[in-house]
Amino acid sequence: MRGGAPLCGGKRSSVAPAQKEQDRRLQANNREFNTKFGYPSNTIKTSKYSLLNFLPMNLFEQFQRLANAYFLILLCLQLIPQISSLAWYSTVIPLMVVLSITGVKDAIDDLKRHRSDKQVNNRPVLLLVNGKVEEDKWMNVQVGDIIKLENNHMVTADILLLSSSEPYSLTYIETTELDGETNLKVKHAVSVTSEMEDNLELLSAFDGNIRCEPPNNKLDKFTGILTYKDNKYLLDQDKLLLRGCTIRNTDWCYGLVIYTGPDTKLMQNSGKSTFKRTRIDHLMNVLVIWIFLVLGIICFALAIGHSIWENKKGHYFQIFLPRQKYVPSSFVSAVLVFWSYIIILNTVVPISLYVSVEIIRLGNSYYINWDQKMFCAPRNTPAQARTTTLNEELGQVKYVFSDKTGTLTQNIMIFNKCSINGKFYGNVFDKNGQKVEISEQTEKVDFSYNKLADPKFSFYDKTLVEAVKNGDHWVHLFFLSLSLCHTVMSEEKVEGELVYQAQSPDEGALVTAARNFGFVFRSRTSETITIVEMGITKVYKLLAILDFNNVRKRMSVIVQTPENRIMLFCKGADTILCQLLHPSCRFLQDMTMDHLDNFASEGLRTLMVAYRELDDAFYQDWSSKHTEAYLSLENREDKLSDIYEEIEKDLMLIGATAIEDKLQDGVPETIITLNKAKIKLWVLTGDKQETAVNIAYSCNIFNEDMDGVFLVEGSDNETVLKELRSARNQIKPESLLKTDPINIHLTTKPRKPLRLPEEEPNGNYGLVINGYSMAYALERNLELELLRTACMCNGVVCCRMTPLQKAQVVELVKRYKKVVTLAIGDGANDVGMIKAAHVGVGISGQEGMQAMLSSDFTFSQFQYLQRLLLVHGRWSYNRMCKFLSYFFYKNFAFTLVHIWYAFFNGFSAQTVYDNWFITFYNLVYTSLPILGLSLFDQDINGMWSLHIPELYEPGQANLYFNRKAFVKCLIHGIYSSLVLFFVPMKTIYNSVRNDGKEMSGYQSFSVIVQTSLLCVMTIQIALETTYWTFISHFFTWGSLSFYFWVLFFLYSDDLFLMFPNVFQFHGVARNTLNQPQVWLSVILSVALCVLPVMGYQLLKPIFWPIGVDKALSRIRDCMKRPLAPRAQPKRRYMGPHRSAYAFSHKSGFGALITSGKTMKYKLPKKSNCALKK
């Protein structure tokens, strides 16, 4: 495309940063011009605070929380002496403690973010400045700069490739940070810039203008135009290196910075960060609001009671208790009493509730960090809780959304088995002919006879090596086909040390297998392939590559052997190649298909291998047709496909390969355990359908016992709808009827928000849907059809998913299902769904860091997910529920005593307790026992949690703390407050001490109520504790002992003499607690409060059992005998044949090979003409 003036010029006005970018315009090596557009720098900032703004900003954020603001208002009210019945310090001390602890925690978290930002922003980069390459920092890179990248360097920003050390300026990259894949991908520069090579003078003088699309999150799409010397060149994604990629097998390359910092596709895919709150948090906020509303109503009622009392009885007390001057009437007195009771009754939701929750979550987070059973020794990587706010959410997960590559699999391909001429290779047998399971102790095949063998390659069946050494014709032909039929490129910088550059790991595994068995692919040009066959070097002439595509599902090469024979070698899916075989191969085909069934049952990736010897005249005729089709301008792909089919027929079968897409350790066992815990797993992958389905069978997401696996492959709305409804008709036919409750809701109330209940299917089903169909299924008119169908399936596999689609699927489930979701992945393409889910988990290790940095929890193996959920999640949920139930109960019992006391003090807002007791009750006396319970309690140990996954189900249904459980706490608290008030009151009413003196005074009554309350709470926490440790005993009984010590200390004569206005209860403790009727009163109060609870706990499992009660009963029975080992899942497949086909490379790579662009020699430089791509 020639002609036209440069697209960018100095006359263009600057663009305000706030204005939305319509397209991007920049000029190379012109910072002055590019800064006019306000493009962001390459600095990454994830931190929130600075040294100057931390205190005001953090306090502002903390007081945005409803509870903190409420307690600040209470503090202000307590400073008004006319309405305050409590000392100001009773609120100030707890508020200061809460704000300080939260502030310190926020500061530590932000400090970690500062360090991470600093580490990334200060990475070194080679920047072209004034004709010289100088080292600078990542954060100083700007749009329009030219940077130099070297081998194994991480790409600094999104850059346009200009030139490289490789022929035709090809550059090999690894994209683990983006998609978790370790296979190499190829990028190439525009021809006009590739000729600059590493000439700094030419690169510095380059002033090309770029006009391209604005920043977006599409990893596989880029369009733009380069205008240089009045010529225009089209730009696409094959010329763009993305931030986060790593340069591999390329000595150096130069690039022009297009997008920086937050504009890079890596950061655009990071998704919007949202503050995640647990379901319990949301419930607690609702309950607190209701408590405040009820509290206001109660205070209003008490104020009315005070007004009535003042009018009827109050005038009798005017003589010795005259009103204050600021109280002219009973109405004013009632208003003041209303605010006084607001202050007194605020302890029903004390501020210590929130700080206690934070401490509990922090402690449970450390348990995850310290868990040695989640520590990966090979990578020296521990599990890490990157957030402390979601621990109990781990105990409520219902749906898990997982990536495949790098999460379920290691993305490491291993040549595992093969079938050659009807003979099975790969199994190991002992002397008795019994099959032996391969382990680390199994003896490996010795490849020392082959000097070019890869030392990292392992194989165990010695019969295959013996066949190679004995010169078996079919075995030699099999490995010769593997060494020729591929698109791998070889690099040999050191004699004998071959490095294969494969587009995918499975193709590299096949070529490496052939290499080890004596057929070494050594080098290639655009016209030849050099093979070392059993130590003898042979050169094959490459005549044609019949490239792979998703329709053909195969690739072929045509070569001329050193003996001048023309051979076609083909490998591909068995379902395709079986149709292309010569009729004489029928018997061999049946034997090979049996072997393929065996491979598929083990989850191995398979390819069938065949060949055909061509007649020279036939090939020459075909070659001319092929050339004509290749040069055709219309329907080129279709014509080539037809030509390929002419020659790919009457093939002779050689055998089949079986490659293990090595799973992460323990993946099948983990998925079985999660299924038993009623956790559903959906795989959201960018991989193709065949590969993803094979892995689903390997991982036990799908299994042979399923009643059906449905495929959704429609390419329009109607087809997708038809496929989804057809599947649902088999899963649950009644769900399509008009009488179905959900259909009735959608018909009668289409606009009302809908929460879909869990629907029970009529069997065990799986669902497979591709990304193209998903685009239609996610539209408003089909999303509920998709959701209802998928949620009734035991396993769901979504293929060819974009990062955005992954996040949309998670959001869909969150929007319509009242469940907790978890997303787990390892690449930047998983960041969106990790952030969208309630809980995000990043797999750390060799697959990049982007997912880990965006996650809430990280570890290095998928198998640790079961321990994270079933052990730590379940413990955290149980502990938090026990904490909240007890906390609300103890504060209801503590606070509601004031209400009963109001009926006996003229509703005067007089407190029952001493001010110091009110201050210390939640902060000291009752805090440590409940923290001990919430941090150390275990109803069962971790082994039983994993052995009986059904124990996880109560968390999914949120059975332990919900509105019903809260009402129970309220009723229990009301009952206990009545006991705690009336039993002591009746005890001291008109009673005397042993010495005959009156003891029915306010201070004695207060001490008895306080003591009874703390004894009841201590026994109550002891009953809730199921796992006693030294710390539990110390916290529980030590807190009660500490109360008595503080009681006698605060009520001592010495303190009273020093501060008579502060410590007014002098001598009351020793004068009251030495009376026997007081202790009888305490014992009676404890018995009346605790016995109903004990009875309920005893009778509940008998008369109102839930599933977990039965499971706990099973555990108690099992503990009487040794625990049987957990059964290992067997990978087997029974039934009709299932293809395990998985291919190696992307369409179009064969053309790149034959073009010669991948060769190391340099072709003569062409004239400076513009290319169309």
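Numbers given for residues are sequential positions, taken from 1 along each chain in its written order. Note on the predicted model: pLDDT of at least 70 is required for a residue's local features to be given, and 80 or more for side-chain atom pairs to be given and counted; whole-chain, interface and lining totals, by contrast, use all residues. The basis for every side-chain value is the complete set of heavy atoms in the structure, and neither hydrogens nor water enter the calculation.

The name given to the protein chain in an unreviewed UniProt entry is Phospholipid-transporting ATPase, with Chrysochloris asiatica as the source organism. UniProt positions are given in the numbering used here, feature names are shortened, and annotations may be inferred rather than shown by experiment. Recorded in UniProt for the protein chain, the comment headed Cofactor (unreviewed entry) runs: "Mg(2+)". Here the protein chain is described in UniProt, under the heading Sequence similarities (unreviewed entry), as follows: "Belongs to the cation transport ATPase (P-type) (TC 3.A.3) family. Type IV subfamily."

Participant: Quick question: what am I supposed to make of the overall build of the protein chain here?
Facilitator: A tally of helices and strands in the protein chain yields 40 helices and 35 strands. Exposure categories follow from relative accessible area, calculated using a 1.4 Å probe and restricted to protein chains: below 20% of the type maximum is buried, above 50% is exposed, and the middle band is partly exposed. Within the protein chain, the proportion of its 1173 residues that are buried is 56%. Residue pairs at least 24 apart in sequence account for 75% of intrachain contacts in the protein chain once pairs closer than 6 positions are excluded. Put simply, the protein chain shows about 51700 Å² of open surface, and 57% of that area lies on carbon and sulfur atoms. The helix count covers DSSP runs of H or I at least four residues long, the strand count covers runs of E at least two residues long, and both are numbered beginning at the N terminus. Contacts between residues were defined by any pair of non-hydrogen atoms, one from each residue, lying within 4.5 Å. Each accessible area is a Shrake-Rupley estimate made with a 1.4 Å probe; only the visible protein chains count as cover when residues are assessed.

Participant: Which parts of the structure should I look at to understand empty space enclosed by the protein?
Facilitator: Over the atoms, a rolling probe the size of a water molecule traces out where space has been left empty. Note on definitions: the grid is 1 Å and covers protein atoms alone; a cavity is a set of points where a 1.4 Å probe fits but cannot get out; a pocket is an open set with protein on both sides within 12 Å along at least five of seven lines; lining residues have an atom within 4 Å of a point. Grid points are joined across faces, edges and corners, and a volume is the space filled by probe spheres set on the points. All told, the structure shown has 6 cavities of 30 Å³ or more when counted by the stated rule. For the second largest cavity, the calculated volume is near 70 Å³. In terms of lining residues, the second largest cavity is bounded by Tyr886, Tyr925, Thr926, Pro929, Leu1014, Met1017, Thr1018, Ile1021, Thr1036, Ser1039 and Leu1040. Those elements giving two or more residues to the lining of the second largest cavity turn out to be α34 (1002–1024) and α35 (1030–1050). Counting residues per element, the lining of the second largest cavity draws most heavily on α34, which supplies 4 residues. Classification used: nonpolar for Ala, Val, Leu, Ile, Met, Phe, Trp, Tyr, Cys and Pro, charged for Asp, Glu, Lys and Arg, polar for all others including Gly. Broken down by class, the residue content of the lining of the second largest cavity amounts to 7 nonpolar, 4 polar and no charged.

Participant: Just checking my understanding: could you explain the sheet that holds strand β11 (residues 240–241) for this structure?
Facilitator: Strand order in the open sheet formed by 6 strands is β3-β2-β4-β13-β5-β11, and the pairing between neighbours is antiparallel. Of all the strands in the sheet, just β3 (132–137) and β11 have a single pairing partner and so form its edges. Whether two strands pair comes down to DSSP finding at least two bridges between them.

Participant: Sorry, what's going on with helix α30 (residues 927–936) here?
Facilitator: Summarising burial for α30: 8 of the 10 residues are buried, a large majority. Close packing links the buried residues of α30 with α11 (352–370), α28 (864–902), α29 (915–925), α34 and α35.

Participant: Just checking my understanding: could you explain a nonpolar patch on the surface for this structure?
Facilitator: On the surface, Phe903, Phe904, Leu970, Ile974, Leu978 and Phe982 cluster together into a nonpolar patch covering about 510 Å² of accessible area. Position of Leu970 relative to the elements: it lies in helix α33 (residues 963–988). Patches draw on residues past 30% relative accessible area with no salt bridge. Two like charges within 9 Å are joined, as are two nonpolar side chains (Val, Leu, Ile, Met, Phe, Trp, Tyr) within 5 Å. In the sections that follow, a salt bridge refers to a side-chain nitrogen of Lys or Arg positioned within 4 Å of a carboxyl oxygen of Asp or Glu.

Participant: Would you mind showing me how to read the pairing of strand β15 (residues 397–402) here?
Facilitator: The two faces of a sheet get side chains in turn, since along a regular strand they alternate between them. Within β15, 6 of the 6 residues are buried, which leaves the element mostly enclosed by the surrounding structure. For β15 and strand β33 (residues 820–825), the ladder comprises 5 bridges, and the chain directions are parallel. Directly across from Ser402, in β33, lies its bridge partner Ile824. Here β15 pairs with strand β29 (residues 680–684) via 4 bridges, running parallel. In the sheet register, Tyr399 faces β29, and the bridge partner there is Lys680.

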